[in-house]
Amino acid sequence: MKVLGIETSCDETGVAVYDTGRSGADGLLAHAVYSQIALHAEYGGVVPELASRDHVRKLLPLVRQTLAEAGLSVGDLDGVAYTAGPGLVGALLVGAGVARSLAWALDVPAVGVHHMEGHLLAPLMEDDPPEPPFVALLVSGGHTQLVAVEAIGRYRLLGETLDDAAGEAFDKTAKLMGLPYPGGPQLAALAEAGTPGRFRFPRPMTNRPGLDFSFSGLKTQVMLAWRDSDQSDATRADIARGFEDAVVDTLAIKCERALDEAGCDTLVVAGGVGANRRLRARLQEMAARRGGRACFPRPALCTDNGAMIAFAGALRLEAGQRAPDAVHVTPRWDM
Ligand code: KG4
Ligand code: ZN
């Protein structure tokens, strides 16, 4: 089955084609992402109406480009998958409208996909994919969750953030030290040059049982450290390093706890923060120490993309899942 995937939940227009007749990375015939970052940068965050309008402008050209890259014509598609939520309502409606219209015109089925299920299954698109049961760490700009994946489609929430998501903490911390939006990746790049140990921040909620997270206090600690510092470039890098180490440590401690609790040794990591180099190294080392492994999508499939939607949608369509021909989205939606 060749499935077109469309992602428009926030500020990235993502399109891809996944072919279930092939496995792992081979199944991904083409994918393209257009990022609206430059459009929103001057506002310091995503402006929903501008996001919707830009998806309208970019989506169809991106569908054409992706099909051309895959060497397919639109008539070769066997199904269409789109992000149905959670996300910005206007942005979601653009993707849902285009996906439903295409599917109707081509007389193929369409399916709405949960954005976080897309992230969660993305590591399975790589070669040598892990098989359930495993524990998934979902770390994006909007979510920080630990999920026990008993089977595809059977998920049990083990813990989540009580306030800021990990990516949100990266972005807000970057902003308060004067880095432009979205600062997460830039903060991580700065941390590479920082001196470890010069600034030490707490590892929130690790000294008590449980699998929930809280990152908002950490941001305040960084704000105080930055305010009272010489605010030099070197200090900014050192604080970035201290902050990154605290987040990575906290996530690693909770992931290990979650593996213990779920009684398994495979950890799957997905979402934008999963692109973080130090987090990847740390979790790989932790899983290997236990005789297990940590699986990540390639960095480009950690952040928002159409490939994860094509893949998750293809699994649902292959399982026979069909939904009524309605353009319907769910901006707030628990997985
Ligand atoms: O999954 P994603 O693309 O979008 C959401 O669904 O939220 O995640 C974006 C988040 C942003 O907060 C961004 O700052 C963060 O992922 N991020 C990173 C890195 N790359 C992206 N955070 C830390 N280190 C990175 N290398
Ligand atoms: Zn996402």
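Per an unreviewed UniProt entry, the protein chain carries the name tRNA N6-adenosine threonylcarbamoyltransferase and comes from Luteimonas granuli. Quoted verbatim from the Sequence similarities (unreviewed entry) heading of the UniProt record, the comment on the protein chain is "Belongs to the KAE1 / TsaD family." Taken directly from UniProt, the Catalytic activity (unreviewed entry) text for the protein chain runs: "L-threonylcarbamoyladenylate + adenosine(37) in tRNA = N(6)-L-threonylcarbamoyladenosine(37) in tRNA + AMP + H(+)".

Enquirer: Help me get a handle on the state of the cysteines, residues and values and all.
Expert: Per the stated rule, a full pass over the model turns up zero disulfides. We note that Cys302 lacks a disulfide partner, and the nearest cysteine sulfur, in Cys295, lies 12 Å from it. Of the residues examined, Cys302 reaches a relative accessible area of 0% and is grouped as buried.

Enquirer: Describe in detail unusual backbone geometry, supporting the description with residues and values.
Expert: With an omega dihedral of -10 degrees, the bond running from Gly85 to Pro86 counts as a cis peptide bond. Of note, the amide linkage connecting Tyr181 to Pro182 takes the cis form, showing an omega dihedral of -15 degrees. Tracing the backbone through its elements, the reader meets Pro182 in the loop between α5 (166-176) and α6 (184-193). Phi angles above zero are rare outside glycine, and Asp107 is one such case at about 60 degrees.

Enquirer: Could you give an account of the coordination of the zinc ion (ligand 2), naming the residues involved and the relevant values?
Expert: Protein coordination at the zinc ion (ligand 2) comes from His115 (NE2), His119 (NE2) and Asp304 (OD), with a distance range of 2.0 to 2.1 Å. The site at the zinc ion (ligand 2) holds four donor atoms, and with the angles between them running 94 to 144 degrees, its shape is irregular. Of note, the zinc ion (ligand 2) draws all its donor residues from one chain, in the sequence arrangement H-x3-H-x184-D. Residue His119 is located in helix α4 (residues 115-121), and its partner Asp304 is located in the loop between α10 (299-302) and α11 (307-318); the two are separated by 185 residues in the primary sequence. The pair formed by His119 and Asp304 is uniform in burial state, with each residue classed as buried.

What counts as what
Residues numbered from 1 in each chain as written. Chains lettered and ligands numbered in written order. Predicted model: local features only at pLDDT ≥ 70, side-chain atom pairs only at ≥ 80, totals over all residues. Heavy atoms only, no water. UniProt positions renumbered as here; feature names shortened; annotations may be inferred. Disulfide = S-S within 2.5 Å. Buried < 20%, exposed > 50% of the residue type's maximum accessible area, 1.4 Å probe, protein only. Helix = DSSP H or I, 4+ residues; strand = E, 2+ residues; numbered from the N terminus. Donors = N, O, S within 2.8 Å, 3.2 Å for Na, K, Ca; no water. Tetrahedral: all angles 85-135°; square planar, octahedral: opposite > 155°, others 65-115°.

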